[in-house]
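# Working through the structure, step by step
Below, each chain spelled out in residue letters.
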Amino acid sequence: MSYQLYRNTTLGHTLQESLDELIQCGQITPNLALKVLLQFDKAINNALANRVKTRLTFKAGHLNTYRFCDNVWTFVLKDVEFREVQELVRVEKVKIVACDGKAHSDGNVGKPT
């Protein structure tokens, strides 16, 4: 099973809206839509774990809140600087959700079934 965090991105929302429209038009079943979403979860988790090579560092001025629940860390940071090589970005507030990718991996991640 893969994390479903990325369903809450622009890409994930757009996919869900498209699937809902296809269901309402009778072109796919709700069961097929669910299978598509599960495959999206696996594929996006796999792609981010294995294809993204860019690394960045960040420094926060203040840790506002933190929480650890169900093996998921959530941090809300204020006055944060993100740095990638020579590029620097400052943001007032950021929320970071961190999950253990190895805990939910399976041998079929990203592979069509």
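Residues numbered from 1 in each chain as written. Predicted model: local features only at pLDDT ≥ 70, side-chain atom pairs only at ≥ 80, totals over all residues. Heavy atoms only, no water.

In the nomenclature of an unreviewed UniProt entry, the protein corresponds to Transcription initiation factor IIA subunit 2 from the organism Limulus polyphemus. Word for word, the UniProt comment on the protein under Function (unreviewed entry) is "TFIIA is a component of the transcription machinery of RNA polymerase II and plays an important role in transcriptional activation." (UniProt positions renumbered as here; feature names shortened; annotations may be inferred.)

### Observations concerning the environment of lysine 95
Inspection of the secondary structure assignment puts lysine 95 in strand 3 (residues 87-99). With relative accessibility at 57%, the residue lysine 95 sits in the exposed group. Linking lysine 95 and lysine 78, residues 17 residues apart in sequence, is a C-alpha distance of 9.0 Å. Sequence-distant contacts of lysine 95, defined by excluding residues within four places in its chain, comprise Thr74, Phe75 and Val76. (Helix = DSSP H or I, 4+ residues; strand = E, 2+ residues; numbered from the N terminus. Buried < 20%, exposed > 50% of the residue type's maximum accessible area, 1.4 Å probe, protein only. Contact = heavy atoms within 4.5 Å.)

### Comments concerning helix 2 (residues 30-50)
Between its first and last C-alpha, helix 2 extends 30 Å over 21 residues, near the 30 Å set by a 1.5 Å rise per residue. Among all positions of helix 2, only Ala33, Leu37, Phe40, Asp41 and Asn45 are buried. For helix 2, the buried positions fall inside an angular range of 115 degrees around the axis, keeping them on one side. Exposed side of helix 2, more than 90 degrees from the buried face: Lys35 and Ala49 are the residues found there. (Expected span 1.5 Å × (residues − 1). Arc of directions from axis to C-beta.)

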